[in-house]
Amino acid sequence: MNITEDIKYIGVSDGATDLFEGQYSIPNGITYNSYIILDEMCAVMDSVDAAFGSEWISNLKAVLGARVPDYLIVQHMEPDHSASIIDFIREYPTAKIVASRAAFAMMRGFFCNDFADRQVVVTEGDTLSLGRHTLQFLTAPMVHWPEVIMTYDVTDRVLFSADGFGRFGSACEDEPWADEARRYYIGIVGKYGKQVEAVLKKAGALDIEIIAPLHGPVLTHDLGLYLGLYSKWASYTPEERGVTVAYASVYGNTAKAAVALYEELKARGERVTLFDLARCDVHEAIASAFRFDRLVLAAPTYNADVFPAMKHYILGLVERGFTKRTVGLIENGSWAPRAAAVMKGMLAESKDITFTEGTVKITSALNSETKAALSALADELCK
Ligand code: FEO
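Residues numbered from 1 in each chain as written. Predicted model: local features only at pLDDT ≥ 70, side-chain atom pairs only at ≥ 80, totals over all residues. Heavy atoms only, no water.

*Asks:* I'd like to hear about the side chain of S82, residue by residue, with values.
*Replies:* Along the chain, S82 turns up in helix α2 (residues 79–82). Excluding its chain neighbours within four sequence positions, the residues that come into contact with S82 are S47, V48, H76, M77 and F111. (Helix = DSSP H or I, 4+ residues; strand = E, 2+ residues; numbered from the N terminus. Contact = heavy atoms within 4.5 Å.)

*Asks:* Outline the pairing of strand β21 (residues 353–362), supporting the account with residue identities and numerical values.
*Replies:* Sheet topology places strand β20 (residues 325–332) next to β21; seven bridges connect them, and they run parallel. Bridge pairing links R325 to I353 in β21. Handedness of the β20-helix α11 (residues 339–346)-β21 crossover: right-handed. (Pairing = 2+ DSSP bridges. Right-handed = clockwise from strand over helix to strand, strands pointing away.)

*Asks:* Let's hear about the sheet that holds strand β14 (residues 158–160): which residues, and what values?
*Replies:* Read across the sheet, five strands follow the order β11-β12-β13-β14-β15 without closing on themselves; strand pairing throughout is mixed. Looking along the sheet, the strands with just one partner apiece sit at the ends: β11 (127–129) and β15 (210–212). Each strand of the sheet is rotated relative to its neighbour by a mean of 20°, with strand direction disregarded. Pairing between β11 and strand β12 (residues 134–139): three bridges, direction antiparallel. Bridged to S129 within β12 is T134. (Axes fitted to C-alpha atoms, helices over the stretch in contact; angles between N-to-C directions.)

*Asks:* An account of the pairing of strand β16 (residues 240–247) is requested, with residue identities and associated values reported.
*Replies:* Consecutive side chains of a regular strand alternate in pointing toward one face of the sheet and then the other. Judged by how many residues are buried, β16 sits mostly within the fold: six of eight residues are covered. Two strands pair when backbone bridges link them, and β16 and strand β18 (residues 292–302) are joined in this way by six bridges, in the parallel orientation. The partner of A246 across the bridge, within β18, is L297. As paired strands, β16 and strand β17 (residues 272–276) are joined by five bridges and run parallel to one another. When the bridges of β17 are listed, Y247 appears paired with D276. With helix α8 (residues 253–267) bridging β16 and the parallel β17, this β-α-β connection has right-handed handedness. (Buried < 20%, exposed > 50% of the residue type's maximum accessible area, 1.4 Å probe, protein only.)

*Asks:* Outline the domain arrangement of the protein chain, listing residues and values.
*Replies:* Domain parsing of the protein chain yields domain 1 (7–235) and domain 2 (240–381). One C-alpha centre belongs to domain 1, the other to domain 2; they are set 38 Å apart. Each partner contributes residues to the interface: domain 1 has 11 residues there, and domain 2 has 10 residues. Approximately 930 Å² of surface area, both sides summed, lies buried where domain 1 meets domain 2, with 53% of it carried by carbon and sulfur atoms. Contact with domain 2 buries surface across domain 1, with R182, R183 and I186 losing the most and accounting together for 49% of the total. Residues R183 and D281 are paired through a salt bridge, measuring 3.0 Å at the closest nitrogen-oxygen approach. (Domains from an automatic or database assignment. Buried area = accessible area lost by both parts, 1.4 Å probe. Salt bridge = Lys/Arg side-chain N within 4 Å of Asp/Glu carboxyl O.)

*Asks:* I'd like a description of the sheet that holds strand β10 (residues 119–121), backed by residues and values.
*Replies:* The strand order β1-β6-β7-β8-β9-β10 describes an open sheet built from six strands, whose pairing is mixed. Whereas interior strands pair on both sides, the edge strands pair on one side only; in this sheet they are β1 (7–9) and β10. Averaged over neighbouring strand pairs, the angle between their axes works out to 20° when direction is ignored. Where strand β6 (residues 35–37) meets strand β7 (residues 43–45), three bridges bridge the pair, whose relative direction is antiparallel. Along β7, the bridge assignment pairs I37 with A43. Across the sheet, helix α1 (residues 53–64) touches β1, β6, β7 and β8 (71–73), and the angle it forms with β6 is around 25°. Strands in contact with helix α4 (residues 101–111) are β9 (96–99) and β10; relative to β9, the strand with the most contacts, it is inclined by about 120°.

Written out as structure tokens, the structure reads:
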């Protein structure tokens, strides 16, 4: 696949892994993108996951033929992009490796070798000329690891954005982007909003025509749309008005309350998502909470605490910097209910959370009083 006349795609597609990074479900797979820039000098952008090393080298050879690449540019050392560096070195022992100093230190950790005889260390603003193409490097610490660099091809105006602008699923640009890019971003990079904002600021100063990430499609048009979404995600600004209703339930009574609220909100014309935290993809539920401006948590008391699936969910929100949202609470307890207090306490670490005045307290099962309280909560959320 040609990205531009001189830049070719040589990535691979992983349809076998069930959990990316050991926790994110990828029903539509994921791609490990790699590119080659053909010029007087030839540069390869990143390697791929260990399981695809030989396929990647074959892709590389199919483009290069007998030609030997001059550089392997390593933007990110997470193994989904770095594990096949070893295959590359074996195949091309004369090629140099271009990376940040921190990346070379990580190579020592991963491979017991920092390739001192072939290192080209780069940092912010450094350039590398391939002939017609000039590459300019940007540091992007914590997007998504500390050693990350991004690379701007000044000649073709392509930003190689490492994990930034990545998406689960295929490399097809025509497939919907936002939902799976949001789930990827919030899950993997969400904690590092400030660092993403710093990179977006640098990117704003560049004339970018194409964004070439390490996962998902190469973005060739409507770049303002993607940059706008990243700007919202990085600043934790709700993307749009809407309510996420996330619940956990033991015998179905808390579930009935959550569904009743969901229906009440829909009847009021709200955009609402509903998640059973014991069964859903929790990372989709987390991404939904970051997408919308309001969240309702409904859970039973359990062991004088809150039900474990809810605890896991709130932990997932807080550790990713959940903030700037309105939160409503529904608790259930047959005796000594504690769930609402625990949920509120867990969210104390999140800044700028506004709790609704009404907390719905269910004693075992819904009754006319708690049904009325749910209606009142729906009213308050829709104010
Ligand atoms: Fe796709 Fe942070 O690796």
